[in-house]
Each structure stands twice: as C-alpha cells, then as structure tokens.
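# Structure assessment
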Amino acid sequence: MSGRRDDSSADDPTDSFVSGTADEAPRIAFYGGRGMSALPIAFFIVWAIVQTALWRISDTGGLVVGMLIGLILGMFFVRGDWKTYANTIFEGMTQPVAVTAIVAWIWAGMFAEVLQDGGFVDGLVWLADVGGIGSALFPAATFVLAALFTTGIGTGYGAAIAFVTLFFPAGLLLGANPVLLFGAILSGAIFGDNLAPVSDTTIVSAVTQDADIGGVVASRFKYVFVAAVVAFAGYLVAGQFMGGLEIAGDAAEILVAESEPIGLVHLVSMGVVIGTAVAGRHIVEAISWGIVVAIAVSLVLGLLSIGDVVAFNAPEDAPLAEPLEFLPILTIVDDPDAVGVGGSLLEGAAGFFELAILVLLIIAAAQIMIRGGAFDAILEWSIENLATNVRNAELTMVGSSALINAVITINTAAEVAIGPYISKIGERFNLNGYRRANILDAQTAALGYIFPWSGGVLAGYTAMQDLPGEYDWFTADMLVTPIDVVPFVFQGWLLVAVFVIAAITGFGREYLIDRESEEVARL
Amino acid sequence: MSILMKYLKGWRFRSSTPSLTEGDEINVFVAESEDRDTGLAYIGDTELRIDGAGPETVEKRVRVRVTEFDASDATGRGEFLEVVGGSSYTG
C-alpha cells in the first residue's frame, strides 16, 4: 500500500479533506515512504486490539495513551522539520467533524443520564410485568424494550448496563434462558445505537458523511426495521426451545417490587427528542428540549429532586456555604473527599469526556496519514482492486467498516477512524450522504455488541458480575460467558446481512442525483 | 419533505446504472480528470463526462447540465456549470 511514490503533488485529491487550507497546506515526508504516515493510527489499532481484545480491558483512558504514544512515535520518522508534523496534529483536531460530534455527545450524555436516573428502566420492567409476559416471550419482549430504551437514551453501552442490572434478573426469575436474554439485550442496544438520533455512533456517521442527523435516522429506518422483524421472530422461536434455570423463591413478588410504572413517562421525553430531530431541528436544540421535558416531568412526579439533577457538595469552611445551605442543590460535607459537584447532568456529560479527547487525537492521527500520503495510497489501492464498480464499492464499505469495528472494542473510535475512507469511496460513485452514513453505522453498531471483546458485551458482562452480590438467589453459575452469546446477538448479525444484501441488490441505494442530504451545519 | 416521507423514501431496489435525462441539471462529485478540460463522474456505474470540468474540480461537487445520455451503455455527457461543494471533510 505504500512506498510507490513520495511526491507532494499540488492536485492531490485528499487535499479536499482539510478545511480552508487545502491547496496550500504542507505535505509531510516520512523516512520509509508515505506508508509510514499511517504509523500513529496503526500503532493505535494494535494497542487497541491488545488492550481490549487480548487483555479484555475496556478503558477509553488507555486508548488515549495508546494514541498519544502513536503520535509521538510517528514524529521520529518525519523527514525535515518536525514543526509541520506538530502543526498537522492541531490542524486535524480543529476539524469541524470532531468538535460537532463532541458537542452532541455531551448533550446526549446529559439526556441519557436524566432518563436513567428518572426510572425509565423501572417503568419498562413494570410494563413487562403487567403485560403478563412469560418465560418463552421474555427474550423477544426484552429485545423490543431494550431497543425502545436505547433509541431514547442513545447509548447502547448504558442500555446494556441498565438492562443487565434490572431486566436480566427479572427474566431469569420468570424462567427465560440467560444466554438468549443477554443476546436480546445486546440486540436491543444495537437497534438503538444504530437508530437513535442522540446515539454517539449515529452522530459520527452523519457528521463524517456530511448528512443531517434527522435525515440519516429516517433513511436508515428501513434497514433496521427489516433486521429487527427477523430478529424479533428469532427470539420468539428460540424462546420456545431454549429453557431457563430453576430458581427457588417467589419470583413474581420480587418482580413486582422492582416495578415503577411512573418511569414510563419518559416515553414523552424520548418522543420529544426523536420528533424534533427527525423534523429537522438542530440536534442540540432537540436534545435540549428532551432534557428540559425529562427534568420537568421527573421533578413534578417526584422521580428526581433538583439535588439529583445538580448537586454541590461544599466544605464547611466555604465562605457562603452555610448561609445558603437551605438551597436544595447545596450540601455541606465534613469529608474533604466528598467535596465536588455531582448530579445527573454532570455525570451524563462527564461520561463522554475521555471519549472526546480520544476522538480529537484519532482525527489528528488521521490528518497525519492524509498529509503524509498513506491515506491516499490505501484509497488508490482500494479503488484499483476492490471498489471497481458501485456494488463492489458498497461491499468494500460494508467489509472495511465491519472489520475495523470487529477488532476495535470502542466502536465510536473505530467509526471515526474509518469515516474518511467510507466518505471517499462512496463519493466516488456519487452515493449520497445518507447511504454512506447508513452503511458505516450499521456495521459500527452491530459489531460493537457481538464479540467477547466488544464494548457493549464487556459493559453488560461487567454489570452482570455484580448481580450475585446483589441478589441472594443469583449464583455465579447463572452468569453468561461472553463467548456463548455470540451467535444469539440476532440484530447484529442480521444488520450486517441486510447491508450485504442491500449492496448486492441495490435495496435502499440512493445517489446524489436522487436526493442530497441536508446541510450538516444543522448539527 | 414531511417526516413521513423521509421514512418512506428509498424503499426500493435502485439500479447500479441510473438513467440521466438530457437537459436536467444535476449535482455530482467528479471522480477523476480525463484531460485538462474534461472531468469524469460515476453515478453508480453510469459514466458522465463533463466538459469544462478541469482537474481542479476532482473530488468537488459540481453542477452539471446533462447534454447527452445513452441508456444502452449507461454513458453520458454534460456541461460544467459551477462548483457547488466539496467532500465531507471540507467542513
């Protein structure tokens, strides 16, 4: 892929990746040819595989360090002035694609946390209870409810944790098969991660392919729907044949004790976000309305107090703390370690801080790869050997985004890294932004929840390991081994299959001449 | 476009060689440059040669008036009008 030429031609097509300074921006020459400009990204990918797949450490902070080291290592291979390399890092980090995604994540994170703290999952458990759902139907119902929940909160990892914590034990008590149940939870997480306008992967797919989020969500509904109908049928059938565990005690009593119907009010908050986003409003505006509605109904109905939303824990010797202690958001604490700010809004936003830094660094490394020519080399090779016509181009897009998401645990990071490649291949054949974003995000969402080292599986499995400590009846042998769930993540496998078929048959394909995605400035 | 229409759009099998209509003005990305004055765009596997689109328009979104189209081999010609946008990564 590299070393064929090391030139700095002014009409290099990848110049168009860079805002403003496209034509006059400097090139970076590397010892070992232009392929060496891929070293920072390549190092990061190897680091990510070792850390997350081989050592099973799903820690975004660790990936940040891997990317930083990769960027430092790359500098030692630069010919001439290293200042150009350093400036290119800044050039990459200031691209709108990264900043807009980060802003939307932080908003989405706040919204998700308010819904979780406002008892939305409790409401869903109640719904399953009053619906009289038995053991055979429970996995299929879990899939639907997890899909609904994730579509509202946007974070599949958060949904996997919430459902494993609250729904998984309920399902076991009702006699559902644990492996199938875990698979159904992961499938629901995939559905929402792929479709929710507030999902981080939805946002990245739209921004990197220059498409508006509302339009992306509406246009991908057809693929998600087709996969979900088959997945639902799969859970119905499998539920009949795969039995549950024998658990002593009064299952129904425990289930009712966990039920809180009032949490279902957040269906309204969710509807506000989805409705306004699909109607074409700015995503920050849409989520802000969702946050306002969710907080308002939670406060009115007593699901949250104002101190749950924002909480200040001040030390005793703070000058104005004692006179203002009557404020519901202020608490004076004795323990110096307890001093700080908390609450749903902060916790929701803070969940994305590390990922935000990681994405900035990945975009910087991608820019090094573009300026150094490796991106160009890979693209040229793909166009000559793989994407020889529109069908092969789409299959290449499906395969490459599936592969990178299968090996990198944090699927959003993988999506950011492959985004420019998908964009270039798709634009060559005038596939519109919606089609490109849909191909990219389906593989991202699906492959992020299937394998034992996938972030979604790790998140759910981690939460599951706490269950024996929480319930007397829950024994260690009830835990699902991650490798066992792989074949039962129906929505993931089906979504990939739908896109392979869509690429071959042209189902859902849209060209620029059919429809142009609306301006990305909407984000 | 209404919200419902956005959801219903695209439920079909789209040809890999879409047809073009002479006289229509369309926006396309220019894939490569054939010579100093002709650009080549692929719309799926349909090839559109664009007169007046030089190398500077490669990977740019340009407005083109279609002047010829032959459905039998999915090739056409068009006249370059203006650059209307860039790649996704031009912000």
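For the structure given in this document, a descriptive report is provided here. These figures come from a predicted structure and were not determined experimentally. Each chain carries its own residue numbering, running from 1 in the written order of its sequence. Written order determines the labels here, with chains lettered from A and ligands numbered from 1. Totals for whole chains, interfaces and linings use all residues, but because this is a predicted model, local features are given only for residues with pLDDT of at least 70 and pairs of side-chain atoms are given and counted only at 80 or more. Note that water and hydrogens are dropped before the side-chain values are worked out from all heavy atoms of the structure.

In this section: the overall build of chain A. A tally of regular secondary structure across chain A gives 24 helices and three strands. Burial statistics for chain A: of 523 residues in total, 59% are counted as buried. We call two residues in contact whenever any of their non-hydrogen atoms come within 4.5 Å of each other. Pairs at least 24 residues apart make up 81% of the contacts formed inside chain A by residues separated by at least 6 positions. Here the Shrake-Rupley method, with its probe set to 1.4 Å, supplies the accessible areas, and only the displayed protein chains count as covering residues. Summing over all exposed atoms, chain A offers an accessible surface of approximately 18,600 Å²; the carbon and sulfur share of this is 66%. Positive charges are assigned to Lys and Arg, negative charges to Asp and Glu, while His and the chain termini are left out of the count. Charged groups are reduced to one reference atom each: NZ for lysine, CZ for arginine, CG for aspartic acid, CD for glutamic acid. Here chain A holds 19 positive side-chain charges and 51 negative ones, and the gap between their average locations is 21 Å. Think of it this way: any DSSP run of H or I at least four residues long counts as a helix, any run of E at least two long counts as a strand, and we number them from the N terminus. Partly exposed residues are those whose accessible area sits between 20% and 50% of the maximum for their type, while under 20% is buried and over 50% is exposed, using a 1.4 Å probe and protein chains only.

This next bit is on the packing of aromatic side chains. Geometry of aromatic contacts follows a simple scheme: Phe, Tyr and Trp rings, the Trp one being its six-membered ring, pair when their centres are within 6.5 Å, and the pair is stacked under 30 degrees between planes, edge-to-face over 60, tilted otherwise. Per the counting criterion, the structure on display carries 19 aromatic pairs over all chains. Centre to centre, the rings of Phe-76 of chain A and Trp-82 of chain A are 5.4 Å apart; their planes meet at 85°, and the pair counts as edge-to-face. For Trp-82 of chain A, a relative accessible area of 34% corresponds to the partly exposed category. With 6.2 Å between their ring centres and 75° between their planes, Phe-507 of chain A and Trp-11 of chain B make a pair best called edge-to-face. Pair noted here: Phe-507 of chain A is in the segment after helix H24 (490–505) and Trp-11 of chain B is in the loop between helix H1 (3–8) and strand S1 (25–29), and the two residues belong to different chains. Using a relative accessible area of 13% as the deciding quantity, one classes Phe-507 of chain A as buried. Put simply, the rings of Phe-221, Tyr-223, Phe-225, Phe-499 and Phe-507 of chain A together with Tyr-7, Trp-11 and Phe-13 of chain B touch in pairs and so form one group of aromatic residues.

Our next topic: the pattern of salt bridges. The term salt bridge refers to a pairing of a side-chain nitrogen on Lys or Arg with a carboxyl oxygen on Asp or Glu at a separation within 4 Å. Evaluation of the coordinates by the stated rule reveals 18 salt bridges over all chains. Residue Glu-516 of chain A pairs with Arg-61 of chain B through a salt bridge whose shortest N-O separation is 2.6 Å. In this pair, Glu-516 of chain A is assigned in the segment after H24 and Arg-61 of chain B in strand S5 (residues 61–70), connecting two distinct chains. Ionic contacts of the salt-bridge type, sharing partners, join the residues Glu-25, Arg-63, Arg-65 and Glu-79 of chain B into one network.

This part takes up unusual backbone geometry. Residue and element names in this part refer to chain A. One non-glycine residue with positive phi stands out, namely Asn-430, at about 55°. On the secondary structure map, Asn-430 appears in the loop between helix H19 (411–428) and helix H20 (433–447). Of the residues examined, Asn-430 reaches a relative accessible area of 0% and is grouped as buried.

Just distances and angles here, no functional claims.
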